[in-house]
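Next come the chains, spelled out residue by residue.
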Amino acid sequence: MGKIVAVISPDPAAVVGGGAPIFIAASEEERKKLAFRLEKILDASVHDLGNGQLIVVDHKA
């Protein structure tokens, strides 16, 4: 089981608040760049939810 450590979304209204930081990035390119930077910094994995949203998950948690 992992823990979601970040959410990257194109639309702030599409994400309900929770325990993880939410990053808003309008373009797909910007979302992917941000997600992969966070992936490296946090030593975690990025998962595409298929609806424009990406989550960064720590599988070690």
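This write-up is about the structure you can find in this document. Position numbers for residues count from 1 along each chain, tracking the sequence in the order it is written. It should be noted that, the model being predicted, local features are given only for residues of pLDDT at least 70 and side-chain atom pairs only at 80 or more, the latter also being counted only at that level, while totals for whole chains, interfaces and linings use all residues. The side-chain numbers reported here are obtained from all heavy atoms of the structure, hydrogens and water having been left aside.

In this section: the overall build of the protein chain. For the purposes of this entry, the term helix denotes a DSSP run of H or I that reaches at least four residues, the term strand denotes a run of E that reaches at least two, and both are numbered from the N terminus. For the protein chain, the count of helices and strands is one helix and four strands. Against the 2.2 N^0.38 benchmark of 10 Å for 61 residues, the protein chain shows a C-alpha radius of gyration of 11 Å, consistent with a compact globule. Considered along the principal axes of its C-alpha atoms, the protein chain spans approximately 30 × 20 × 20 Å. Within the protein chain, contacts between residues separated by at least 24 positions form 39% of all contacts whose residues are at least 6 apart in sequence. With the model as given, the accessible surface of the protein chain reaches about 4000 Å², and the carbon-plus-sulfur share is 57%. Positive charge is attributed to Lys and Arg, negative charge to Asp and Glu, and no charge count is given to His or to the chain ends. For the purpose of locating charges, the reference atoms are NZ of Lys, CZ of Arg, CG of Asp and CD of Glu. With 7 positive and 8 negative side-chain charges, the protein chain shows a separation of 4 Å between the mean positions of the two kinds. In this setup the radius of gyration rests on C-alpha atoms only. A globule is expected at 2.2 Å times the number of residues raised to 0.38. Two residues qualify as a contact provided that any one of their heavy atoms is within 4.5 Å of a heavy atom in the partner residue. Only the protein chains shown count as cover for residues, and the accessible areas themselves come from Shrake-Rupley with a 1.4 Å probe.

Note on terminology: a nonpolar core comprises buried Ala, Val, Leu, Ile, Met, Phe, Trp, Tyr and Cys residues joined through side-chain atoms within 4.5 Å. For each residue, the accessible area found with a 1.4 Å probe, counting protein chains only, is set against the maximum for its type, and the residue is called buried under 20%, exposed over 50%, and partly exposed in between. Formed by A6, I8, A25, A35, L38, A44, V46, L54 and V56, the largest nonpolar core amounts to nine residues. Among the secondary structure elements, those contributing two or more residues to this core are β1 (3-9), α1 (28-42) and β4 (54-58). For A25, the contacting residues outside a window of four places in its chain are I8, S9, P10, E30 and R31.

Here the focus is the pattern of salt bridges. Pairs can form between side chains of opposite charge whenever their charged atoms are close. Basic side-chain nitrogens of Lys or Arg form a salt bridge, by our definition, when they fall within 4 Å of a carboxyl oxygen of Asp or Glu. On inspection of all chains with the given rule, the structure shows four salt bridges. One continuous salt-bridge network, built from bridges that share partners, spans D43, D58 and K60.

Moving on: unusual backbone geometry. Its identity as a non-glycine residue notwithstanding, D43 has a phi of 50 degrees, on the positive side. Take D43: it is sitting in the loop between α1 and β3 (45-48).

Geometry only, nothing functional implied.
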